[in-house]
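Breakdown of the fold
If you want the building blocks of each chain, they are given just below.
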Amino acid sequence: MSSITRHAALVLLLVLGVVPAQAQVPTILHQEGVLIDVNGMPIAGPVGLTFKLYAAANGGAAVWTEAFANVALTEGYYSALLGTTVALSGPALLGAQYLGIAVNGQAELAPRVRLAAVPFSMVANSVKGGTVDATQVAISGAVVISNLGRWVGDPTGLVGPAGGAGPAGPAGPAGPAGGNGSPDTPADVRAKLIQVDGTGSGIDADLLDGLNSGDFLRVGVAIDAALLGGFLPSAYVRTAADFLARLLAADGAGSGLDADRLDGLDSSDFPRTAVAIRDLLLAADGSGTGVDADRLDALDSTQFMRADANTGTTGTMTVAGALTANGTLNAQGVRVAAGATVGVGVANPAATVDVAGDIRANSLRLNTVNNSVCNAGVAGTIRWTGVRFESCNGMSWTNISHSAPLGGTTFECIPGPWDHVGGVPGRVPCTANFTLPVESAVVAHINGHWGNSGNWCMAEIMYDNEPTYGAGSPSPYEQMDGIHSYEAHWKGVGMVRTKILPAGNHTVRYSVSGGNGTCSLNGSSLHGLSIPTQGAGQSLDCVPGRWDHTTDRYICTKNFNVAVRSLAFASFNGHWNVGAGWGMAEIMYDGELYHPDGSSPYVRKDGLHGYNTTWRGVSSSRFKILQPGAHTVRYSVTMSQQGQVSLNGSSLRGWVVPASASTAILDCVPPDWSYSTTGTLCTQSFNVEQESTIYSVAQGHWHAPAGWCMLEILFDGEPQWPHANSPYHMKDGFHGYPNNIWQPMHHIRSKLLQPGLHTVAYAMSRSNNCMVNGSSLHSFVTPR
């Protein structure tokens, strides 16, 4: 059977038969209803029904119960005669008010049904104008009229019909004479009233209601309220004509009534014309060209403020009551009493300052309502979330606790085109100084071209006077934030290092060391930028062991949380060797899968890959916009032949900061394989609405069968490097003379952009031939 809900799924129909008053009252109750399921469909039968009578709508014990098994249903309808097996008579019906019903032994349906009076109960309860036909009458169980129609109850108090008048008795003796109904005569009463009311020729009846006669109008000197005590009625006027005649007589001759005399003053005491009124006001208020109407209340005009275009006060204005101004209120000092409230557009302010709408100062608007929606209609609004202030740029709310324009520092450090390090360990080609107004995430990167005639080369980026790697130092492979190589030919060098720094003055340096003093550096440059952390930045540092002879694995994993939409940037540096086949290094966010073993790594746009290398430096970067919540960033290495990739001195560094709503990610991805001569691999156009910084990273895998290759990131139509000149003079390029060896490439560049339309392009040049595989150009653009 379908389930029956306990609310509104049972329809009850109470059917009562009506019979003549003389008929015997039935002892059964006809009850009908319809049963429907929770979907409103009739229940199929038969069902078991249990009926109970209660004295209350909720709770209490049943005073009568009767159950029916196998009650037939017709499209959900049923019919039952209550009292068939359990009699409905006697105490069971006394006080019964509610009917409860249960189906198939389930919980009783709710609510209970309220019982109404039926026709027989109405007749039994009260009989008027009819005949009572009974064998006997009992009250509270005691018979008062027998079956023979005789009174057998208590005879006390029974009164029969009045009998006829009896004969008159003898007259009694005469009594004493009665009084006049009052202990006092009228004269006595009047004397006592005068005594209570006060002395006078009569009764001051007006004092009977507590008022003196002086509060009333009298129509003549001969008329006094004392005449209420019984003097001539002619002293009083009755008709309108009487009133007019008396008033005219008292007020003076004229064609009509000078009603001003009602208060005892003559009409000549009042001005009648506008001129007369003005003259009187001028006489009382003082000389002037007009009427100082404020003097009507005896106060001078300097004590008032006018709410019109001329209103102004040079001192402090104190308002004890409500101040309402429909025009311009020009006050140099306005003071509201302690504990008072000021409402702007609010009739009953609930705060010290209660504004119905926005507060605007120049282009800044403050709305005290914590709007949940940011759109073009509320652009420019500032709100308080209970944790921080946020602004609406027309699309989304952004944190303004530390505004981005406070930071956005860029810096660069460019040594000479050629820098032969020679035998100098720990050489510093250049140092950049910069100042941070607020705590910021700083990114510094090196581009260039280096050569090693023997042993190894070491490049480092160091913040705030960190020591450089120098003579007598341990192996460079222990340097977690450096990039090092053991190759005896010219190759491109690109390295990035990130760090969160506090507000203040800072330095960043670019250092190079050589194992045998045999490092040469050409066309190198150091560039960097900072992004304010807005008080919520955090580092993403994940440092594995110095030596890691790896199989396919995660080198390290960093877990972190962000509270608001944020920009994440991660980079790794180190030194690797691919003994055979290929190696693949990747930075992955939020459970992304590393490159699957056995398939080509060149389809990976965000990884760094090499093929049959010697020991060389490795550096890669990746950034991503993250939504609020829990996140992970991982550093992973994959290889085509197990045990053929070794990592030394590697590290994953990065930061995450709240992102402006206008921070954008730009992806420019050429085909998986790009056999390039001179040309642009991909170009992307974009627009910025305010001064912004762009940071671009090109990654991939390249090969030059002969000669050299040149990789460049170009902004806003900058010219590509010309073929006829040496690439070693290019400070912002990435170039190598790889001698037919596949090797990873990692090139970075940043620039400050002004509002307007911009482009970023990824271009290749060559002396003979260049091939690029799985390459990609990724950028983020964020307001300063």
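Every value quoted in this text rests on a predicted model; they were computed, and no experiment measured them. (Residues numbered from 1 in each chain as written. Predicted model: local features only at pLDDT ≥ 70, side-chain atom pairs only at ≥ 80, totals over all residues. Heavy atoms only, no water.)

1. Description of the overall build of the protein chain
When helices and strands are tallied, the protein chain shows four helices and 45 strands. Residue burial in the protein chain is summarised as follows: out of 784 residues, 41% are buried. A separation of at least 24 residues holds for 71% of the contacts in the protein chain among residues at least 6 apart in sequence. Only carbon and sulfur atoms are counted for the fraction: they give 55% of the accessible area of the protein chain, which is about 40600 Å². (Helix = DSSP H or I, 4+ residues; strand = E, 2+ residues; numbered from the N terminus. Buried < 20%, exposed > 50% of the residue type's maximum accessible area, 1.4 Å probe, protein only. Contact = heavy atoms within 4.5 Å. Areas by Shrake-Rupley, 256 points an atom, 1.4 Å probe, with all protein chains shown as cover.)

2. Description of the nonpolar core
Within the largest apolar cluster, 25 residues are counted, with the highest numbers of intra-cluster contacts made by Phe560, Phe572, Val633, Tyr635, Val637, Leu647 and Leu652. Elements represented by at least two residues in this core include exactly strand S30 (553-562), strand S31 (566-578), strand S32 (582-589), strand S34 (616-626), strand S35 (629-639) and strand S36 (645-658). The biggest single contributor to this core is S31, with five residues. Not counting residues within four places of it along the chain, the set of residues in contact with Phe560 comprises Gln538, Leu540, Leu626, Gly629, Ala630, His631, Thr632, Val633 and Val656. (Core = buried A, V, L, I, M, F, W, Y, C linked by side-chain atoms within 4.5 Å.)

3. A word on the state of the cysteines
If you walk through the whole model with that rule in mind, you get three disulfides. Bridging Cys413 to Cys430, the disulfide has an S-S length of 1.8 Å. Of the two residues, Cys413 sits in strand S19 (residues 410-413) while Cys430 sits in strand S21 (residues 427-436), which places them 17 residues apart along the sequence. Its relative accessible area of 4% is what places Cys413 among the buried residues. On the accessibility criterion, Cys430 (10% relative accessible area) is buried. What pairs with Cys542 in a disulfide is Cys556, and their sulfur atoms sit 2.0 Å apart. One end of the pair, Cys542, is in the loop between strand S28 (538-539) and strand S29 (547-550); the other, Cys556, is in strand S30, with 14 residues separating them in the sequence. (Disulfide = S-S within 2.5 Å.)

4. Quick word on the sheet that holds S30
The strand order across the open sheet formed by four strands is S30-S35-S32-S33, and the pairing between neighbours is antiparallel. The sheet is open, and its two edges are formed by S30 and strand S33 (607-611), each paired on a single side. Taking the axes of each pair of neighbouring strands and ignoring which way they run, one obtains an average angle of 5° across the sheet. (Pairing = 2+ DSSP bridges. Axes fitted to C-alpha atoms, helices over the stretch in contact; angles between N-to-C directions.)

5. A look at the sheet that holds S21
Read from one edge to the other, the open sheet built from four strands follows the order S21-S26-S23-S24, with strand pairing classed as antiparallel. Only two strands of the sheet have a single partner each, and these edge strands are S21 and strand S24 (482-485). The sheet shows a mean angle of 10° between the axes of neighbouring strands, taken without regard to direction. Where strand S23 (residues 457-463) meets strand S26 (residues 504-514), seven bridges bridge the pair, whose relative direction is antiparallel. Residue pairing for S26: Tyr463 is matched across the bridge by Val508.

6. Description of the packing of aromatic side chains
Following the criterion strictly, the structure yields eight aromatic pairs and no others. With centroids separated by 6.1 Å and ring planes inclined at 15°, the aromatic side chains of Phe569 and Phe623 adopt a geometry described as stacked. Taken together, the positions of Phe569 in strand S31 and Phe623 in strand S34 put the pair 54 residues apart, joining distant regions of the chain. Here Phe569 and Phe623 have matching classes, each one buried. Here the aromatic cluster, defined as three or more aromatic residues joined through ring pairs, consists of Phe569, Phe623, Trp655, Tyr695 and Phe780. (Phe/Tyr/Trp six-rings, centres within 6.5 Å; stacked < 30°, edge-to-face > 60°.)

7. Re the pattern of salt bridges
This structure, assessed with the given rule, holds eight salt bridges. Between Arg497 and Glu466 there is a salt bridge, and its shortest N-O distance comes to 2.7 Å. Note that Arg497 is positioned in strand S25 (residues 491-501) and Glu466 in the loop between S23 and S24, a separation of 31 residues in sequence. Notably, a salt bridge pairs Lys624 with Glu592, separated by 3.5 Å at the nearest N-O pair. Taken together, the residues Lys624 in strand S34 and Glu592 in the loop between S32 and S33 connect sequence positions 32 residues apart. Judged by relative accessible area, Lys624 falls into the partly exposed class, the value being 26%. We classify Glu592 as partly exposed; its relative accessible area is 24%. Taken together, the shared-partner salt bridges in this structure form one network comprising Glu466, Arg497 and Lys499. (Salt bridge = Lys/Arg side-chain N within 4 Å of Asp/Glu carboxyl O.)

8. Some points on the environment of Val618
Checked against the element boundaries, Val618 lands in strand S34. With a relative accessible area of 1%, Val618 lands in the buried category. C-alpha of Val618 to C-alpha of Ile483: the two residues are 135 residues apart in sequence and 6.5 Å apart in space. When neighbours within four sequence positions are excluded, Val618 is seen to be in contact with Ile483, Phe572, Asn573, Gly574, His575, Trp576, Leu608 and Leu647.

9. Considering unusual backbone geometry
For the peptide bond that leads from Gly45 to Pro46, omega is -5°, which places it in the cis range. Look at the link from Ala110 to Pro111: it is a cis peptide, with omega at 0°. Along the chain, Pro111 turns up in the loop between strand S6 (98-103) and strand S7 (113-114). At Asn465, a residue that is not glycine, the phi angle is positive and equals roughly 65°. Along the chain, Asn465 turns up in the loop between S23 and S24.

10. Notes on the environment of Asn522
Within the secondary structure, Asn522 sits in strand S27 (residues 519-532). Taking the C-alpha atoms as reference, Asn522 lies 9.6 Å from His735; in sequence the two are 213 residues apart.

11. With respect to a nonpolar patch on the surface
A cluster of nonpolar side chains, contributed by Val334, Val336, Val342, Val344 and Val353, occupies part of the molecular surface with about 380 Å² of accessible area. Those elements giving two or more residues to the nonpolar patch turn out to be strand S11 (331-336) and strand S12 (342-344). Locating Val344 in the fold gives a position in strand S12. Residue Val344 is classed as partly exposed on the basis of its relative accessible area, which comes to 46%. (Patch = residues over 30% accessible without salt bridge, like charges linked within 9 Å, V, L, I, M, F, W, Y side chains within 5 Å.)

12. Details of the pairing of strand S3 (residues 47-54)
Summarising burial for S3: six of the eight residues are buried, a large majority. Bridge count for S3 against S6 is six bridges, and the pairing is antiparallel. Counted as the bridge partner of Tyr54 is Tyr98 from S6.

13. Thoughts on the pairing of S23
The buried fraction of S23 is high, at seven of seven residues. The two faces of S23 match: Cys457, Ala459, Ile461 and Tyr463 on one face and Met458, Glu460 and Met462 on the other face are all buried. Of the pairings in the sheet, the one linking S23 to S24 comprises four bridges and is antiparallel in character. What sits directly across from Ala459, in S24, is Ile483.

14. Quick notes on the confidence of the model for the protein chain
Interpretation of this model should avoid reading the predicted coordinates in detail wherever pLDDT is low. Of all residues in the protein chain, 65% have pLDDT values of 70 or greater, and the mean over the chain is 74. Taking the mean pLDDT of every element in the protein chain, the minimum, 43, falls on strand S1 (residues 10-14) and the maximum, 91, on S3. (pLDDT = per-residue confidence, 0-100.)

15. Describing the environment of Ser396
Topologically, Ser396 is positioned in the loop between strand S17 (389-392) and strand S18 (397-399). Residues Ser396 and Ala661, spaced 265 residues apart in sequence, show a C-alpha to C-alpha distance of 6.2 Å. Not counting chain neighbours up to four residues away, the residues in contact with Ser396 comprise Cys374, Ser391 and Ala661.

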